[in-house]
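Residue-level structural notes
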Amino acid sequence: LADRLQNTIQKIKGKGKVTEQDVKEMTREVRLALLEADVNFKVVKDFIKNIKERAVGQEVMESLTPGQQVIKIVKEELTALMGGEESRIAAADRPPTVIMMVGLQGAGKTTTTGKLANLLRKKYNRKPLLVAADVYRPAAIDQLETLGKQLDMPVYSAGTDANPVDIANEALEKAKEEHLDYVLIDTAGRLHIDGDLMDELIQIKNNVSPDEIFLVVDAMTGQDAVNVAESFNEQLDVSGVVLTKLDGDTRGGAALSIKAVTDKPIKFAGMGEKLDQLEVFHPERMASRILGMGDVLSLIEKAQDNVDEKRAKELEEKMRSASFTFDDFLEQMGQVRNMGPLEDLLDMIPGANKMKGLKNVEFDEKQIAHVEAIIQSMTAQERQDPSLLNASRRKRIARGSGRSVSEVNRLIKQFDEMKKMMKQMTNMQQGKKGKKGKK
Ligand code: GDP
Ligand code: MG
């Protein structure tokens, strides 16, 4: 999806004058891109109609940068399509807040239950209870108990003979007794939607009156995800959607259609298998990501989670000004290491997805030690001004650090690329503010 849209966008971006013909061509491309990405037909139709109306209207014609104005409209409409504002998680007036997780088998319910519990504790300082109400597979109970151990959080389970409705009721009692303020019920799924499953879920719902029902859907399943969302919502009137596996090679269509079809917000996005890989879903950022502007905000937020506020500010400053040195590079590597796999980070940086070579950079412990050795073999002057690093200096550094010259070269090249990337990022940001509209 992103590729196709990006091509179209490159074409229209620099235009000084946008004619009706231009808009027509662009909307045709956008339409094809969306349909190709499995976006629901009716959704596409409305979407295109909105864009057309706005793009040939006054706001574009009177703008100084019509090309960019059109992009802005596309982005705003994409954002609106995915829900506009980001949404919040419910909190009951009288705790515990009950959240029920529903969805097909393999969608990511159990994993997301763990992730959500982790998030509730980390971000909101809450005390969740995990409830194993998927009694049909012993492995499902074990899975949740393992997550509970990993998180050091209580899990309520009653084996495979117990009735899921009873389990939910008992768990609620336990949470009240033990002053736990969130109850997360992990329910059973099926490979396909069926009546028995729905009956059971409806029964649980009627018994515990959940404050939220999160429908967990696998973003990789494209249009199917939308159909699934539609029927679960019809039966259970869910309160929000969690879109999982957005880290995978998804076509992105599900994110665009679900809100439009169900009129329920996407609240969270699963970005990996690990327990900290759940993000609040930001429609605006997702739209940027789809349009290839990169997700600089998420990147900065991620940095903020892992380093303290002040350090994050400095990091942000340095990224913006692209004025960092090898000393900063060394320091940042340590921080990057705390942020998770580099690939995740690269995906968020505009243009970085095109730099395939960078994806192979591995920041493992050993390599960090090597990089450290190389940088420490540089003089203070060289660290501040890498342009000094000619061949003979490089040779000296290689000798000093006990690494090969080619390794030294590679590091310097990586450093340059990183710098370039940051410059690009800064340009994009300025572009967004309308100061600079090139390319
Ligand atoms: P359930 O049957 O709905 O409870 O699904 P599970 O929670 O057991 O998840 C099924 C599989 O999907 C597991 O292998 C998870 O690790 C994986 N999974 C869940 N969420 C994500 C995600 O956001 N990204 C990726 N890559 N994998 C996920
Ligand atoms: Mg499960």
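Within an unreviewed UniProt entry, the label attached to the protein reads Signal recognition particle protein, and the organism entered is Gracilibacillus dipsosauri. According to the UniProt record, the Subunit (unreviewed entry) comment for the protein is "Part of the signal recognition particle protein translocation system, which is composed of SRP and FtsY." The record held by UniProt for the protein lists under Subcellular location (unreviewed entry) the comment "Cytoplasm".

With that settled, the discussion passes to the pattern of salt bridges. Applying the stated criterion across every chain, the model contains 15 salt bridges. Arg54 is the partner of Glu77 in a salt bridge, and the nearest nitrogen-oxygen pair spans 3.0 Å. Here Arg54 lies in helix 3 (residues 41-55) and Glu77 lies in helix 5 (residues 66-81), a separation of 23 residues in the sequence. Assessed through its relative accessible area of 22%, Arg54 is described here as partly exposed. Put simply, Arg54, Glu76 and Glu77 are held in one network by salt bridges that share partners.

Another aspect to go through is the site of ligand 1. Around ligand 1, the structure places 17 residues, and the nearest of them are Gly106, Lys109, Thr110, Thr111 and Asp247. Here Gly106 contributes a backbone N or O atom positioned 2.7 Å from an oxygen atom of ligand 1. Contact distances for ligand 1 include 3.3 Å between an oxygen atom and a side-chain N or O atom of Lys115. A total of 580 Å² of accessible area belongs to ligand 1 in isolation, and the protein chains cover 81% of it. Here the shell around ligand 1 takes 4 residues from helix 6 (residues 109-124), the largest share from any one element. Of the residues contributing to the shell around ligand 1, the split by class is 3 nonpolar, 9 polar and 5 charged.

Below, the discussion takes up helix 9 (residues 195-208). With 14 residues, helix 9 ought to run about 20 Å at 1.5 Å a step, and its terminal C-alpha atoms sit 20 Å apart, in line with that. On the buried face of helix 9, the contacting elements are strand 1 (97-102), strand 2 (128-133), helix 8 (164-177), strand 4 (182-187) and helix 10 (223-236). The distance from a side-chain oxygen at the start of helix 9 to the backbone nitrogen of Asp196 is 3.2 Å, and the residue carrying that oxygen is Asp194. Once helix 9 finishes, Ser209 follows within two positions and takes phi at roughly 35 degrees, a positive value.

This paragraph deals with the pairing of strand 7 (residues 266-270). Here strand 7 lies mainly inside the structure; 5 of its 5 residues are buried. Where strand 6 (residues 240-244) lies against strand 7, 3 bridges are found, and the strand directions are parallel. In the sheet register, Val241 faces strand 7, and the bridge partner there is Ile266. Sheet topology note: the strand 7/strand 8 (residues 278-280) ladder contains 3 bridges and is antiparallel.

Another aspect to go through is the nonpolar core. Ranked by internal contacts, the top residues of the largest apolar core, which has 63 residues, are Val102, Phe232, Leu243 and Ile258. Excluding residues within four positions of it along the chain, Phe232 makes contact with Val102, Gly103, Leu104, Ile193, Leu197, Met198, Leu201, Leu215, Asp237 and Val238. Judged by nonpolar contacts, the second largest core, of 24 residues, contains Ala117, Leu147, Val216 and Val280.

What follows is about the pairing of strand 6. Most of strand 6 is tucked away: 5 of the 5 residues are buried. Burial along strand 6 is two-sided: the face carrying Gly240, Val242 and Thr244 and the face carrying Val241 and Leu243 are both buried. The sheet contact formed by strand 5 (residues 212-218) and strand 6 spans 5 bridges and is parallel. Bridge pairing links Val217 to Leu243 in strand 6. Note on the crossover from strand 5 through helix 10 to strand 6: the handedness is right-handed.

What counts as what
- Residues numbered from 1 in each chain as written.
- Chains lettered and ligands numbered in written order.
- Predicted model: local features only at pLDDT ≥ 70, side-chain atom pairs only at ≥ 80, totals over all residues.
- Heavy atoms only, no water.
- UniProt positions renumbered as here; feature names shortened; annotations may be inferred.
- Salt bridge = Lys/Arg side-chain N within 4 Å of Asp/Glu carboxyl O.
- Helix = DSSP H or I, 4+ residues; strand = E, 2+ residues; numbered from the N terminus.
- Buried < 20%, exposed > 50% of the residue type's maximum accessible area, 1.4 Å probe, protein only.
- Near = heavy atom within 4 Å.
- Polar contact = N/O pair within 3.5 Å; in protein donor to acceptor, adjacent residues only side chain to side chain.
- Areas by Shrake-Rupley, 256 points an atom, 1.4 Å probe, with all protein chains shown as cover.
- Nonpolar A, V, L, I, M, F, W, Y, C, P; charged D, E, K, R; others polar.
- Expected span 1.5 Å × (residues − 1).
- Contact = heavy atoms within 4.5 Å.
- Pairing = 2+ DSSP bridges.
- Core = buried A, V, L, I, M, F, W, Y, C linked by side-chain atoms within 4.5 Å.
- Right-handed = clockwise from strand over helix to strand, strands pointing away.

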